[in-house]
Amino acid sequence: MSENSAESTVWLTIPDLAEALDETPGRVRRLLDEHYLIGSRRNGPVQVPAIFIVDGHPLPSLRGTVIALQDAGFGDDEAIDWLLAEEETLGRSPIAALLAGHKSEVRRIARTLA
């Protein structure tokens, strides 16, 4: 696993996200509902990897990638795990590729996972 694996990432709860995004908790929940962010309940309350937040906003390329993964049949936990894990065809984690501006390549791979 890469340094961004689910086990080693920093996770933010809804109150943490509200502070990081300078939004209300209700607005954070809408961002989750509308797939601008994706969270996990595997450790209790909904938590989102902090790496999905860039400069006080959800990573812009995350939404379309999450939708592509959901279309491929991924649940939220599976999508998060895939985004954070090393992807052999990318040579890095998909989230690292998204952060570097390679959304087309990441989404192309995500669509092949169905």
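Residues numbered from 1 in each chain as written. Predicted model: local features only at pLDDT ≥ 70, side-chain atom pairs only at ≥ 80, totals over all residues. Heavy atoms only, no water.

*Asks:* How would you explain helix 1 (residues 14-21) if you had to name every residue and give the values?
*Replies:* Along helix 1, the residues that are buried comprise I14, L17, A18 and L21. On an axial view of helix 1, the arc spanned by its buried residues comes to 105°, and they lie on one face. Seen from the buried face of helix 1, the exposed residues on the opposite side, beyond 90 degrees, are P15 and E19. Looking at the buried residues of helix 1, the elements they touch are strand 1 (11-13), helix 2 (25-33), strand 2 (47-49), strand 3 (53-54) and strand 4 (57-58). Where helix 1 terminates, the next one or two residues include D22, which has phi positive at roughly 55°. (Buried < 20%, exposed > 50% of the residue type's maximum accessible area, 1.4 Å probe, protein only. Helix = DSSP H or I, 4+ residues; strand = E, 2+ residues; numbered from the N terminus. Arc of directions from axis to C-beta. Contact = heavy atoms within 4.5 Å.)

*Asks:* Tell me what's going on with the packing of helix 3 (residues 62-71) against helix 6 (residues 103-111), and back it up with residues and numbers.
*Replies:* Running from N to C, helix 3 and helix 6 point in directions that differ by 10°, and their axes come no closer than 8 Å. Viewed along their axes, helix 3 and helix 6 adopt a mutual orientation that is roughly parallel. Of helix 6, the residues touching helix 3 (which contributes G64, T65, A68 and L69) are V106, R107, A110 and R111. Residue classes in the contact of helix 3 with helix 6 are distributed as four nonpolar, two polar and two charged. (Axes fitted to C-alpha atoms, helices over the stretch in contact; angles between N-to-C directions. Parallel < 35°, antiparallel > 145°, perpendicular 65-115°, else oblique. Nonpolar A, V, L, I, M, F, W, Y, C, P; charged D, E, K, R; others polar.)

*Asks:* Can you lay out the pattern of salt bridges for me, pointing to particular residues and giving the numbers?
*Replies:* Summed over all chains, the structure comprises two salt bridges. With a shortest N-O distance of 3.9 Å, D77 and R42 are connected by a salt bridge. Of the two residues, D77 is situated in helix 4 (residues 76-84) and R42 in the loop between helix 2 and strand 2; the sequence distance between them amounts to 35 residues. The exposure class assigned to R42 is partly exposed, which follows from its relative accessible area of 36%. Among the ionic pairs, D81 bridges to R42, the shortest N-O distance being 3.0 Å. Pair noted here: D81 is in helix 4 and R42 is in the loop between helix 2 and strand 2, with a separation of 39 residues, a long-range link. By relative accessible area, D81 is classed as partly exposed at 31%. By sharing partners, the salt bridges in this structure join R42, D77 and D81 into a single network. (Salt bridge = Lys/Arg side-chain N within 4 Å of Asp/Glu carboxyl O.)

*Asks:* Could you give me a rundown of the nonpolar core, with the residues and numbers involved?
*Replies:* In terms of nonpolar packing, the biggest core is built from 34 residues, with L17, L37, F52 and W82 touching the most fellow members. Elements represented by at least two residues in this core include exactly strand 1, helix 1, helix 2, helix 3, helix 4, helix 5 (94-99) and helix 6. It is helix 4 that provides the largest number of residues to this core, a total of five residues. (Core = buried A, V, L, I, M, F, W, Y, C linked by side-chain atoms within 4.5 Å.)

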